[in-house]
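Each chain, written out:
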Amino acid sequence: MKMKDANCIFCKIAAGEIPSKTIYEDETFRVILDINPATRGHALIIPKEHYANIYELPEDTAAAAMVLAKKLASHIAEALTCDGFNIIQNNGEIAGQTVFHFHMHLIPRYEDDGNQDKLCLNHLELSEEELEGICQKLRK
Ligand code: AMP
Ligand code: ZN
């Protein structure tokens, strides 16, 4: 039985209970056009099972999502002749997540799309010691 959250809009979209502009579907994923697109062709890869974020996502679904993102990026780039491509995935409110069902954004980019070249994040100036401290904490 599929894991679903009765109050989740992406569970309903993935199950076909709410109509969407679907560009691809298989047993595991539905891929739809974003209702409020950043650019022409902005699409969302949505697993059919409910996982709130990347921490909950099983590794096999994560791997399949990445392979699908790779295939669709090539397909969208060719079909829409874009000039670049962003793949974005937000986790947590502070990171910009608004729908708490894992999804990946596929965003074709165009020379004249009016967005900034890079993601809108500030850059920190960290000392060598600070970088080393973080490196020590993260090294596996
Ligand atoms: P995020 O901010 O990463 O959680 O992304 C959520 C995305 O879902 C936003 O880009 C919304 O425009 C999009 N979205 C929300 N509701 C719908 C919907 N009913 N159909 C298609 N896209 C949606
Ligand atoms: Zn859901």
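Structure shown above.
Residues numbered from 1 in each chain as written. Chains lettered and ligands numbered in written order. Predicted model: local features only at pLDDT ≥ 70, side-chain atom pairs only at ≥ 80, totals over all residues. Heavy atoms only, no water.

**Some details on the overall build of the protein chain**
Tallying secondary structure elements over the protein chain gives 3 helices and 5 strands in all. Along the chain direction, N to C, the helices and strands of the protein chain fall in the order α-β-β-β-α-β-β-α. Based on the C-alpha atoms only, the size of the protein chain along its principal axes is roughly 50 × 40 × 25 Å. Taking all 140 residues of the protein chain together, 34% fall into the buried category. In the protein chain, the proportion of contacts linking residues at least 24 apart, taken out of those at least 6 apart, comes to 54%. Within the structure as shown, the protein chain displays about 9,800 Å² of accessible surface, and the carbon and sulfur contribution to it stands at 54%. Of the side-chain charges in the protein chain, 14 are positive and 22 negative, and the distance between the mean point of each set is 6 Å. (Helix = DSSP H or I, 4+ residues; strand = E, 2+ residues; numbered from the N terminus. Buried < 20%, exposed > 50% of the residue type's maximum accessible area, 1.4 Å probe, protein only. Contact = heavy atoms within 4.5 Å. Areas by Shrake-Rupley, 256 points an atom, 1.4 Å probe, with all protein chains shown as cover. Lys, Arg positive; Asp, Glu negative; His and termini not counted. Charge placed at Lys NZ, Arg CZ, Asp CG, Glu CD.)

**Quick look at the coordination of the zinc ion (ligand 2)**
The protein atoms that coordinate the zinc ion (ligand 2) are C8 (SG), C11 (SG), H50 (ND1) and H101 (ND1), at distances spanning 2.0 to 2.3 Å. One way to put it: the 4 donor atoms around the zinc ion (ligand 2) meet at angles of 103 to 117°, and that makes the site tetrahedral. Sequence positions of the donors to the zinc ion (ligand 2) reduce to the motif C-x2-C-x38-H-x50-H. On the criterion of sequence distance, the pair formed by C11 in helix 1 (residues 9-14) and H50 in the loop between strand 3 (43-47) and helix 2 (59-80) is long-range, its members being 39 residues apart. Since its relative accessible area comes to 12%, H50 is described here as buried. (Donors = N, O, S within 2.8 Å, 3.2 Å for Na, K, Ca; no water. Tetrahedral: all angles 85-135°; square planar, octahedral: opposite > 155°, others 65-115°.)

**Observations concerning the environment of H50**
For the pair H50 and I88, spaced 38 residues apart in sequence, the C-alpha separation works out to 19 Å. Engagement of the side chain of H50 in a polar contact is seen with the side chain of H101, the distance being 3.3 Å. (Polar contact = N/O pair within 3.5 Å; in protein donor to acceptor, adjacent residues only side chain to side chain.)

**Description of the pairing of strand 1 (residues 22-25)**
The pairing of strand 1 with strand 2 (residues 29-33) spans 3 bridges and is classified as antiparallel. Directly across from Y24, in strand 2, lies its bridge partner V31. The antiparallel hairpin formed by strand 1 and strand 2 contains 3 residues in its connecting segment. (Pairing = 2+ DSSP bridges.)

**Focus: the site of ligand 1**
Residues in contact with ligand 1 amount to 16 residues; listed here are only the nearest, D34, N90, G96, T98 and H105. Note that an oxygen atom of ligand 1 is positioned 2.8 Å from one of the backbone N or O atoms of G96. Interatomic distance of 2.9 Å between a side-chain N/O atom of H103 and an oxygen atom of ligand 1. Calculation on ligand 1 without its partners gives an accessible area of 500 Å², and the protein chains cover 83% of this total. Elements represented by at least two residues in the shell around ligand 1 include exactly helix 1 and strand 2. The biggest single contributor to the shell around ligand 1 is helix 1, with 3 residues. Of the residues belonging to the shell around ligand 1, the class tally is 8 nonpolar, 7 polar and 1 charged. (Near = heavy atom within 4 Å. Nonpolar A, V, L, I, M, F, W, Y, C, P; charged D, E, K, R; others polar.)

**Overview of the sheet that holds strand 5 (residues 104-109)**
Hydrogen bonds along the backbone pair up the strands of a sheet, which may run parallel or antiparallel. With respect to topology, 5 strands assemble into an open sheet ordered 1-2-3-5-4, the strand pairing being antiparallel. At either margin of the open sheet sits one strand with a lone partner, and together these are strand 1 and strand 4 (84-88). The mean inter-strand angle of the sheet, taken between neighbouring strand axes irrespective of direction, is 15°. Across 5 bridges, strand 2 lies against strand 3 in antiparallel orientation. Within strand 3, the residue paired with I32 across the bridge is L44. Sitting on the sheet, helix 2 is in contact with strand 1, strand 2, strand 3, strand 4 and strand 5, with an inclination near 20° to strand 5. (Axes fitted to C-alpha atoms, helices over the stretch in contact; angles between N-to-C directions.)

Spatial relationships are all this shows, so hold off on functional conclusions.
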